[in-house]
Amino acid sequence: MSDIKADVRAKHPDIVLTGAVTHDRSSKVTSVSEAGTDPTSGKFFYRIESADFDRFEDGLRNDRTVGAFERVIETRDEEAIYSFEYTDEAKVLSPVVSAANGVILDMKNDESAWILTIWMPERTDLVHLWDYAQQNDIDIDLLRVNEYDGLGNTDAGLTDSQREALLVAFETGYFEEPRNATLGELAAELDISQPAASGLLRRGIKRLITSSLLDDSEKRD
């Protein structure tokens, strides 16, 4: 099996810095790749764009995922490098990726959600991140994995309804970033409720991961 690069969207109020970016809607957060993603270093560095750094820092002070922060340097107008220390309440994805010998190549916010670009040495290792997300009630979506096989060319053990939901989501641009269709629009297209559409997508994606990313000996029901 070969290494992969995956784009993942994750959302939970306790993912690090979510409180701050929710407080300052103008803020854009991007990881500083030059600083690495070593979860044992104690400090994490991000590039912050904001129309009002005072407002952003007010959000940081009330963000229960942030233990300490420092504005290290202002690189240009409305942009600065910050260092952060996390609290025990923070849900941190980098240790999960690092434990699987992977690297978070990029992490940026999409309003209050997060887009992560991840490199993994083996396709199977992506499942560890999915398990962590499920155990911690993190809303997670797989946006793309390398040259991912078209849904129309694979069975993957999908039910007819899961297959239809995934195909409609793909064709309407639900998996694009930014999305070209909302969950409500997708549900209307399928003529089902939004919770039902969300459930079909989640179960379908899980089956695709199990079928495409796991060896036969590792597959679970």
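Overview of the structure. Please read all numbers here as calculations on a predicted model, not as lab measurements. (Residues numbered from 1 in each chain as written. Predicted model: local features only at pLDDT ≥ 70, side-chain atom pairs only at ≥ 80, totals over all residues. Heavy atoms only, no water.)

A word on the packing of helix α5 (residues 160-172) against helix α6 (residues 183-190)
Packed helices, taken two at a time, are described by the angle between their axes plus the distance between the axes. Direction vectors running N to C along α5 and α6 enclose 125°, while the axes themselves pass 10 Å from each other. In terms of orientation, α5 and α6 fall into the oblique class. For the crossing formed where α5 meets α6, the hand is right-handed. Mapping the contact onto sequence places E164, A165, V168, A169 and T172 in α5 and L186, E189 and L190 in α6. (Axes fitted to C-alpha atoms, helices over the stretch in contact; angles between N-to-C directions. Helix = DSSP H or I, 4+ residues; strand = E, 2+ residues; numbered from the N terminus. Parallel < 35°, antiparallel > 145°, perpendicular 65-115°, else oblique. Left-handed = near helix turned anticlockwise from the far one by under 90°. Contact = heavy atoms within 4.5 Å.)

Some remarks on the nonpolar core
Core analysis: the largest hydrophobic core is formed by 55 residues, its most contacted members being Y46 and F84. At five residues, helix α4 (residues 126-135) tops the list of elements feeding residues into this core. With residues up to four places along the chain from it excluded, the contact list for F84 reads L17, G42, K43, F44, Y46, I48, F56, L60, V66, A68 and F69. (Core = buried A, V, L, I, M, F, W, Y, C linked by side-chain atoms within 4.5 Å. Buried < 20%, exposed > 50% of the residue type's maximum accessible area, 1.4 Å probe, protein only.)

Quick look at the packing of aromatic side chains
One pass over the full model with this rule turns up six aromatic pairs. Between the aromatic rings of F69 and Y82, the centroid separation amounts to 6.4 Å while the plane-to-plane angle is 40°, which identifies the pairing as tilted. Of this pair, F69 sits in strand β4 (residues 66-76) while Y82 sits in strand β5 (residues 79-86), and the two are 13 residues apart along the sequence. Among the residues examined, F69 registers a relative accessible area of 27% and is labelled partly exposed. For Y82, a relative accessible area of 0% translates into the label buried. (Phe/Tyr/Trp six-rings, centres within 6.5 Å; stacked < 30°, edge-to-face > 60°.)

Re the layout of surface pockets
Of the pockets and cavities examined, the largest pocket occupies roughly 410 Å³. Along its surface, the largest pocket is lined by 22 residues, and D139, I140, D141, Y174 and R202 are the ones closest to its centre. Every element with two or more residues in the lining of the largest pocket is listed here: β1 (4-11), α4, β8 (139-145) and α7 (194-213). No other element matches α7, which puts six residues into the lining of the largest pocket. (1 Å grid on protein atoms, 1.4 Å probe; cavity = no way out; pocket = protein on both sides within 12 Å on 5 of 7 lines; lining within 4 Å. Points joined across faces, edges and corners; volume = space filled by probe spheres on them.)

As for the pairing of β1
Counting buried positions along β1 yields six of eight residues, so the element is predominantly enclosed. Where β1 lies against strand β7 (residues 113-120), seven bridges are found, and the strand directions are antiparallel. When the bridges of β7 are listed, A10 appears paired with W114. Relative to β8, β1 runs antiparallel, the two sharing six bridges. (Pairing = 2+ DSSP bridges.)

Let's talk about α5
The terminal C-alpha atoms of α5 lie 18 Å apart, and with 13 residues this matches the ideal 18 Å at 1.5 Å per residue to within 8%. The positive-phi residue at the C-terminal boundary of α5 is G173, with phi of around 85°. (Expected span 1.5 Å × (residues − 1).)

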